[in-house]
Amino acid sequence: QVQLVESGGGLVQAGGSLRLSCAASGRTFSNYALGWFRQAPGKEREFVAAISRTGVSTDYSDSVKGRFTISRDNAKNTVYLQMNSLKPEDTAVYYCATGTSFAAPLRATSLYTYWGQGTQVTVSS
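Notes on the structure in this doc start here. Here the residue numbers are simple positions, counted from 1 along each chain's written sequence. Local features in a predicted model are, by the rule used here, given only for residues with pLDDT of at least 70; side-chain atom pairs are given and counted only at 80 or more, and totals for whole chains, interfaces and linings are based on all residues. Here the side-chain values reflect all heavy atoms present in the structure, with hydrogen atoms and water set aside.

1. Observations regarding the overall build of the protein chain
Quick note on the threshold: To qualify as a helix, a DSSP run of H or I must reach at least 4 residues; to qualify as a strand, a run of E must reach at least 2; elements of each kind are numbered from the N terminus. In this treatment the radius of gyration is a C-alpha quantity, and the globule benchmark scales as 2.2 Å times the residue count to the 0.38 power. Residue exposure (1.4 Å probe, protein chains only): buried if accessible area is under 20% of the type maximum, exposed if over 50%, otherwise partly exposed. Whether two residues touch is decided by their heavy atoms; if any such pair falls within 4.5 Å, the residues are in contact. Areas reported as accessible are Shrake-Rupley estimates using a 1.4 Å probe. Residue values count occlusion only from the protein chains shown. Neither His nor the chain ends contribute to the count of charged residues, in which Lys and Arg are positive and Asp and Glu negative. The atoms used to mark charge sites are NZ of Lys, CZ of Arg, CG of Asp and CD of Glu.
Along its length, the protein chain carries zero helices and 11 strands. The N-to-C order of helical and strand elements in the protein chain reads β-β-β-β-β-β-β-β-β-β-β. Rg of the C-alpha trace for the protein chain: 13 Å, near the compact-globule value of 14 Å for 125 residues, within the 12% margin. Dimensions of the protein chain, computed from the C-alpha atoms along their principal axes, are close to 40 × 25 × 25 Å. The buried share of the protein chain, reckoned over its 125 residues, is 43%. Taking the contacts inside the protein chain whose residues are at least 6 apart along the sequence as the reference set, 60% of them involve residues at least 24 apart. Roughly 6100 Å² of accessible area belongs to the protein chain as shown, and the carbon and sulfur atoms make up 47% of that amount. Taking the 12 positively charged and 8 negatively charged side chains of the protein chain as two groups, their mean positions are separated by 5 Å.

This is the structure:
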């Protein structure tokens, strides 16, 4: 059974930084792409960033490009999301996710099968 556990969320002032981590277990971590998504109150879950199984390819939503960086450490079975220059509109629950077969970074929420429990990020103005 694949398990994903996020950590690193919290309260930060606008302009600050946070680093989220997602620890995976239950299968060979390095075989699959991973993604970060977020969901704000009253809004649909949206794509934030994704990374290929090797870490060579990444993709970002326009709203975070240039501010967030996704990376992975296959030796530690962990994916990270470094978030800089945070804005109040970044406030949301952040989730990591992975699929059953794909290795490339993909954006569609429906393609992801396994999800973590989420970690709250709150950015104050």
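Okay, back to it.
2. Side note on the nonpolar core
The condition is simple: For this analysis, a nonpolar core means a set of buried residues of the types Ala, Val, Leu, Ile, Met, Phe, Trp, Tyr and Cys, connected via side-chain atoms within 4.5 Å.
If you look at the biggest cluster of nonpolar residues, it comprises 27 residues, and the most contacted ones within it are Trp36, Val48, Phe68, Ile70, Leu81, Met83 and Tyr94. For this core, the secondary structure elements donating two or more residues are β3 (18-25), β4 (34-39), β5 (46-51), β7 (68-73), β8 (78-83), β9 (92-98) and β11 (119-124). Beyond its immediate sequence surroundings of up to four residues, Tyr94 is in contact with Glu6, Leu20, Trp36, Phe37, Arg38, Val48, Phe68, Leu81, Met83, Gly118, Thr119 and Val121. Ala33, Phe47, Ala50 and Ala97 belong to the second largest nonpolar core, which has seven residues in total.

3. Brief notes about the sheet that holds strand β1 (residues 3-7)
Put simply, the rule is: Pairing between strands requires that DSSP locate at least two bridges from one strand to the other. For helices, the axis comes from a line fit to the C-alpha atoms of the stretch in contact; other axes are also lines fit to C-alpha atoms, and the angle between any two N-to-C directions lies between 0 and 180 degrees.
The antiparallel open sheet is built from four strands, whose spatial order is β1-β3-β8-β7. One side of each edge strand has no neighbouring strand; the edge strands of this open sheet are β1 and β7. The mean angle between the axes of side-by-side strands here comes to 15 degrees, regardless of whether they run parallel or antiparallel. Where β3 lies against β8, six bridges are found, and the strand directions are antiparallel. Bridging across to β8, Arg19 finds its partner in Gln82.

Just distances and angles here, no functional claims.
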